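Observations on chain architecture
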Amino acid sequence: MKKFIFPFMMLCCSFGAYAVELNGKYQSQSGELMFRFTSDSLYIDIAQSQRNVSSFKLVKKKDTPESTTFNAFESYMDKGQATYREVLIKVTELEAKEYLLEYFGKDKDRDYSSSERYHIKPVENQ
């Protein structure tokens with residue numbers, strides 16, 4: 001029985017190696033936005049000016065070999081008062097080094113919920 005437990009445990013642990021791993025800079029297909037992933041955060045900048053648009057604290061909600069879903073938390077100022085919001089961000093691997101980033105939630109600049117999709121690719125260091 002012990003002979004089967006160790007290989008089974010190793011097999012279970014190996015599935016995490018196939019999960020979507022994002023770290024570094026990614027640019028949208030249009031070239032307008034830059035998405036910078038760190039270990040637990042996502043920063044969204046305008047690509048040309050490097051001006052920050054949004055920053056999110058990421059908490060993994062669901063992790064599969066094809067996609068990773070995050071609860072994303074953002075704090076921002078609204079009429080001089082600190083405001084917080086939570087959105088859902090899902091990143092799906094389409095091909096090698098090409099991803100689909102989907103955003104679901106209430107936008108901070110609008111009074112309604114939105115859903116946005118971006119095809120992103122890693123930025124090669126020059």
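Residues numbered from 1 in each chain as written. Predicted model: local features only at pLDDT ≥ 70, side-chain atom pairs only at ≥ 80, totals over all residues. Heavy atoms only, no water.

**Some points on the pairing of strand β4 (residues 52-63)**
The side chains of a regular strand alternate, residue by residue, between the two faces of the sheet. Basically, it comes down to this: By this definition, two strands are paired if DSSP reports at least two bridges between them. Only DSSP runs of H or I with at least four residues qualify as helices, and only runs of E with at least two residues qualify as strands; both kinds are numbered from the N terminus onward.
Looking at chain direction, strand β3 (residues 41-46) and β4 are connected through five bridges and run antiparallel. Looking at β4, one finds that Y43 is bridged to S55. Following β3, the chain reverses through five residues before pairing antiparallel with β4; Q50 in that reversal takes a positive phi of roughly 60°. Pairing of β4 with strand β5 (residues 67-78), which is carried by six bridges, proceeds in the antiparallel orientation. Its bridge partner lying in β5, D63 is registered against T68.

**Focus on the layout of surface pockets**
Cut-off, in case you're wondering: The distinction between a cavity and a pocket rests on a 1 Å grid over the protein atoms alone: a 1.4 Å probe fits inside a cavity but cannot get out, while a pocket stays open yet meets protein on both sides within 12 Å along at least five of seven lines, and a residue with an atom within 4 Å of a point counts as lining. Grid points are joined across faces, edges and corners, and a volume is the space filled by probe spheres set on the points. Ten residues, namely Ala, Val, Leu, Ile, Met, Phe, Trp, Tyr, Cys and Pro, are considered nonpolar, four, namely Asp, Glu, Lys and Arg, are considered charged, and the remaining ones, Gly among them, are considered polar.
In this structure, the second largest pocket occupies an estimated 170 Å³ of space. L22, T38, S39, K60 and F70 are, among the 12 residues lining the second largest pocket, the residues nearest its centre. Counting residues per element, the lining of the second largest pocket draws most heavily on β4, at three residues. Residue composition of the lining of the second largest pocket, grouped by class: six nonpolar, three polar and three charged.

**Description of the nonpolar core**
Stated formally: In these notes, a set of buried Ala, Val, Leu, Ile, Met, Phe, Trp, Tyr and Cys residues joined through side-chain atoms within 4.5 Å is what counts as a nonpolar core. Using a 1.4 Å probe on the protein chains alone, a residue whose accessible area is under 20% of its type maximum counts as buried, one over 50% counts as exposed, and one in between counts as partly exposed. Contacts: residue pairs with any heavy atoms within 4.5 Å of one another.
The biggest cluster of nonpolar side chains holds 18 residues, and the ones touching the most others in it are F35, F37, L42, F56 and I89. With near-sequence residues (within four places) excluded, F37 lies in contact with L22, N23, G24, Y26, L42, L58, V91, L101 and I120.

**Things to note about the confidence of the model for the protein**
The condition that has to hold: Every residue carries a pLDDT, the predictor's confidence in it, which falls somewhere between 0 and 100.
When the pLDDT values of the protein are averaged, the result is 83; 81% of them are 70 or greater. Note on residues 6-18: pLDDT under 50 across the span, and one contact to partners over four residues away in sequence or across chains.

**Notes on the environment of L100**
Counting through the fold element by element, L100 comes out in strand β7 (residues 98-106). In this structure, the C-alpha to C-alpha distance between L100 and K121, residues 21 residues apart in sequence, is 9.0 Å. When sequence neighbours within four positions are dropped, the list of residues in contact with L100 reads K90, V91, T92, L94, R117, Y118 and H119.

**Some words on the packing of aromatic side chains**
What counts, and what does not: Put simply, two rings from Phe, Tyr or Trp (the six-membered ring, in Trp's case) pair if the centres are within 6.5 Å, and we call them stacked under 30 degrees between planes, edge-to-face over 60, tilted for the rest.
Within the structure shown, the criterion is met by three aromatic pairs. A ring pair is formed by Y26 and F37, whose centres lie 5.7 Å apart and whose planes are at 85°; its orientation type is edge-to-face. Of this pair, Y26 sits in strand β1 (residues 24-28) while F37 sits in strand β2 (residues 33-37), placing them 11 residues apart in sequence. For F37, a relative accessible area of 3% translates into the label buried. Residues F35 and Y118 carry aromatic rings whose centres are separated by 5.4 Å and whose planes lie at 55° to one another, so their mutual orientation is tilted. Here Y118 lies in strand β8 (residues 113-122) and F35 lies in strand β2, a separation of 83 residues in the sequence. Take Y118: its relative accessible area is 22%, and that puts it in the partly exposed class.

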